[in-house]
Amino acid sequence: MLKLTIALVFALTASAQTEVAVHLHNTAGVPAGEVKEAMRIAGRLFEPVGVTLRWKTCEAGCEAEAGMPTYVLGLAGAAVEMPLPGALGFSMLATGKGNRGAVSLPRVSTFAEANSVPVAAVLAYSIAHELGHMITRSKAHSNGVMKAKWDRENALRMGQSRLDFAGDDVAAMKAALVADVKGVSRAE
Ligand SMILES: [Zn+2]
């Protein structure tokens, strides 16, 4: 019986492909083609986590629930003030369910242009970074996608799709999502 249980648990964790809803509130009017490309790149970044991102873009209010872990990200224009100088986005972990955040289009564009990489790539990595914070409900930074401040080398790697989530971050997201999907409440 114990063996069977272990086998079942292993099968569940090994094959677990978690679906997560990501609603993009495109207030900055990012062209649809760029949003689509950013979705493609961000989706690939979450493959090692075993996560399929179910995207939805919304012009007005975004629904906060989709029957699966749901995150709402604003693509913000110049009118939205970023809490931290130099940050490309932020997550509101202490507000409501901690599932809302924003990415600053002016900051993303400036960083992309300064390093000659496509805006869609930087947008994708910024979205992935904020999703990383919201999924783990942690403000912690590390390397790769979750680095606190990307430098020129990171930007070049983004352009070549060679910047990924660090192994510890992949593990932390997997653990958090397993807990979420099971409905286990976690300490804030
Ligand atoms: Zn961060």
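No experiment lies behind these values; they were computed from the predicted model shown.

K.L.:
Where do I start with the sheet that holds strand β4 (residues 89–91) in this structure?
P.N.:
Through backbone hydrogen bonds, the strands of a sheet pair up, either in parallel or in antiparallel fashion. Reading across from one edge, β2-β1-β3-β5-β4 is the order of the five strands in this open sheet, with mixed pairing throughout. A strand with exactly one partner marks an edge of an open sheet, and here the two such strands are β2 (51–58) and β4. Taken over all neighbouring pairs, the strand axes of this sheet differ in orientation by 20° on average, direction set aside. Alignment of strand β3 (residues 70–76) against strand β5 (residues 100–104), held across five bridges, turns out to be parallel. Within β5, the position partnered with Val72 by the bridge is Arg100.

K.L.:
Quick question: what am I supposed to make of the nonpolar core here?
P.N.:
Soluble globular proteins: nonpolar side chains tend toward being buried together. Counting 48 residues, the largest nonpolar core has Val103, Val122, Ala124 and Ile127 as the members making the most contacts within it. At the level of secondary structure, the elements contributing two or more residues to this core comprise β1 (18–25), α2 (32–45), β2, β3, β5, α3 (105–114), α4 (119–136) and α6 (167–181). It is α4 that contributes the most residues to this core, 11 residues altogether. Contact partners of Val122, with chain neighbours within four places excluded, come to Val108, Phe111, Ala112, Val117 and Met158.

K.L.:
Please clarify how the pairing of β2 should be interpreted in this entry.
P.N.:
Side-chain direction in a regular strand flips from residue to residue, so the side chains alternate between the two faces of the sheet. Bridging between β1 and β2 involves eight bridges; their strand directions are parallel. When the sheet's bridge partners are listed, His23 is paired in β2 with Lys56. As a crossover connection, the stretch from β1 through α2 into β2 is right-handed.

Analysis parameters
- Residues numbered from 1 in each chain as written.
- Predicted model: local features only at pLDDT ≥ 70, side-chain atom pairs only at ≥ 80, totals over all residues.
- Pairing = 2+ DSSP bridges.
- Helix = DSSP H or I, 4+ residues; strand = E, 2+ residues; numbered from the N terminus.
- Axes fitted to C-alpha atoms, helices over the stretch in contact; angles between N-to-C directions.
- Core = buried A, V, L, I, M, F, W, Y, C linked by C-beta atoms within 7 Å.
- Buried ≥ 20, exposed ≤ 12 C-beta atoms within 10 Å, placed from the backbone.
- Contact = placed C-beta atoms within 7 Å.
- Right-handed = clockwise from strand over helix to strand, strands pointing away.

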